[in-house]
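Structural characterization, general
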Amino acid sequence: MNPGRAAWLAVALLLPVALLNYLDRQLLASMKFSVMADIPTIASEADWGRMLGQFKWVYAFLSPVGGYMADRFGRRQTVCGSLFVWSAVTWATGHVASYDGLLLTRSLMGISEAFYIPAALALITDHHLGPTRSRAVGLHQMAIYCGVIVGGFGGFVADSPALGWRWAFGACGVAGMAYALPLAFLLRDAPEGARVTIDAGAPLVRTARELLTNRSFVLLVLYFTLPAVAAWVIRDWMPAILKQRFGIGQGVAGVSATLYWQVAAIVGALGGGFVADRWMRRNERGRIFASALGMSLIVPAMFGVGHAGTLAVAVAFLALFGLGWGVFDCNNMPILCQVVRPTQRATGYGVMNLVSISCGGLADWGFGALRDARVPTDAIFGAFSGAAVVSVVLVLLIRPRPDLARHPAAP
């Protein structure tokens, strides 16, 4: 097959996987009230936040391990195995009867999903060596946003007497397990000449030491983490926030909290990927500059979400957040490729997930505790806005390595 076609085929095959990856996560946020009513042992908002955080802490802890496995043993196998296992866990989630059972299935989902994103993004960047890298990653991230959008409709499914929240988890789990088999046959690693040589002799400790002594990588980890804390709160708590603040139904709240900002994120990811790839033709820091512009949009967006007095205004600021998030999100892996060696890409992204999602889990738990303590929402989102300002400074301090800043033209 033509290498250029193979590169885009790899992205196309991963789109349904990326969609399911975030759909399976998002369902609980949009079905919160139905799940809590059906499982009375979830006793408080803090309990709910802890359960959301449980997934993230397990996922975060194992992300570097998943990335290292992909770097050492191969991207394709890691992707396919992760999809099958997390889909089986998704199916099992629809059968739990207690809070402890829900904590267990979320933990197992965290284990299985931790292996996907680092491996998938590394596989994409193996195929797309330079001129199309941000666009390819942006297209993959677009499927993630679509998964969040579809998950946002989960409230309507949960409210339906004929379906319900358990049916939704069962259906998604079966779909993922069914897709894993053909994916294993069709998905391919990058062709010879573009493929990253697996560094089978590199121990995890040595790899970690090299990454953590890389100043630009550490800056990228911090840059990746600060806005992600706000994004996790928006994904996991915004349906409940909108429902309670504006007195709307669970289904309408779920859609309002996900649809518009995820559509805006799709526009941001596709447009930001195009701009970043073009900017790279003139300046080796083009992707960094494009990402900084996207982050600048998040600053007023977070402040506006916290102070919105009507649903329409809240949705408008969420859309602005989504636009900036898409530009930010499609350039993280391409920037990583400019500061770490190819054989450390998946591990490096796993470390980024470790720090970012650990903090996201703490944010989920902390946000629930702050709500129990009746801390004003506008104060919390004001802090998120300030963190976005710091993030703009951090990304501009990153310096690409001269030996990695430019790539040979990809087919």
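About the cut-offs
Residues numbered from 1 in each chain as written. Predicted model: local features only at pLDDT ≥ 70, side-chain atom pairs only at ≥ 80, totals over all residues. Heavy atoms only, no water. pLDDT = per-residue confidence, 0-100. Helix = DSSP H or I, 4+ residues; strand = E, 2+ residues; numbered from the N terminus. Contact = heavy atoms within 4.5 Å. 1 Å grid on protein atoms, 1.4 Å probe; cavity = no way out; pocket = protein on both sides within 12 Å on 5 of 7 lines; lining within 4 Å. Points joined across faces, edges and corners; volume = space filled by probe spheres on them. Axes fitted to C-alpha atoms, helices over the stretch in contact; angles between N-to-C directions. Parallel < 35°, antiparallel > 145°, perpendicular 65-115°, else oblique. Left-handed = near helix turned anticlockwise from the far one by under 90°. Nonpolar A, V, L, I, M, F, W, Y, C, P; charged D, E, K, R; others polar. Patch = residues over 30% accessible without salt bridge, like charges linked within 9 Å, V, L, I, M, F, W, Y side chains within 5 Å. Areas by Shrake-Rupley, 256 points an atom, 1.4 Å probe, with all protein chains shown as cover. Salt bridge = Lys/Arg side-chain N within 4 Å of Asp/Glu carboxyl O. Expected span 1.5 Å × (residues − 1). Buried < 20%, exposed > 50% of the residue type's maximum accessible area, 1.4 Å probe, protein only. Phe/Tyr/Trp six-rings, centres within 6.5 Å; stacked < 30°, edge-to-face > 60°. Lys NZ or Arg CZ within 6 Å of the ring centre and 35° of its normal.

In this section: the confidence of the model for the chain. Confidence in the prediction for the chain averages 84 pLDDT; 93% of positions are at 70 or higher. Helix α14 (residues 311-329) holds the highest mean pLDDT among the elements of the chain, 93, whereas helix α18 (residues 402-405) holds the lowest, 63.

Within the element layout of this structure, Arg106 appears in helix α5 (residues 99-113). Not counting the four nearest positions on each side in its chain, Arg106 is found in contact with Asp24, Arg25, Leu28, Met51 and Phe55.

Let us now look at empty space enclosed by the protein. Following the criterion strictly, the structure yields 5 cavities of 30 Å³ or more and no others. Taken as a whole, the largest cavity holds about 210 Å³ of empty space. Taken together, 19 residues form the lining of the largest cavity, with Tyr22, Phe224, Asp329, Tyr349 and Asn353 sitting closest to its centre. Listed by contribution, the elements that provide at least two residues to the lining of the largest cavity are α1 (3-30), α6 (116-127), α7 (133-152), α11 (215-246), α14 and α16 (345-372). The element contributing the most residues to the lining of the largest cavity is α11, with 5 residues.

With that settled, consider the packing of α7 against α14. Interaxial distance between α7 and α14 falls to 9 Å at its minimum, and their mutual angle equals 135°. Considering their axes alone, α7 and α14 lie oblique with respect to each other. Remark: the crossing between α7 and α14 carries right-handed chirality. Along its contact with α7, which presents Val137, Gln141 and Tyr145, the element α14 presents Trp325, Gly326 and Asp329. Among the residues forming the contact of α7 with α14, the class breakdown is 3 nonpolar, 2 polar and 1 charged.

The next point concerns a nonpolar patch on the surface. On the surface, a cluster of nonpolar side chains totalling about 250 Å² of accessible area is made up of Val65, Met69 and Phe73. By the element assignment, Phe73 lies in helix α3 (residues 45-73).

What follows deals with helix α17 (residues 377-396). Look at α17: 30 Å from first C-alpha to last across 20 residues, which is about the 28 Å you get at 1.5 Å a residue. Within α17 the residues assigned to the buried category are Thr377, Ile380, Phe381, Phe384, Ser385, Ala387, Ala388, Ser391, Val392, Leu394 and Val395. Elements in contact with the buried residues of α17: α11, α13 (286-307) and α16.

So, on to the packing of aromatic side chains. Scanning all chains against the criterion turns up 13 aromatic pairs. With a centroid separation of 6.4 Å and 80° between ring planes, the pair formed by Phe367 and Phe381 is classed as edge-to-face. Within this pair, whereas Phe367 is found in helix α16, its partner Phe381 is found in helix α17, the two being separated by 14 residues in sequence. Here Phe367 and Phe381 have matching classes, each one buried. Three or more aromatic residues link up through ring pairs in this structure, and these residues are Tyr223, Phe224, Trp261, Phe321, Trp325, Phe328 and Tyr349. Across from the ring centre of Phe55, 5.1 Å away, lies the NZ or CZ of Arg106, which sits over that ring.

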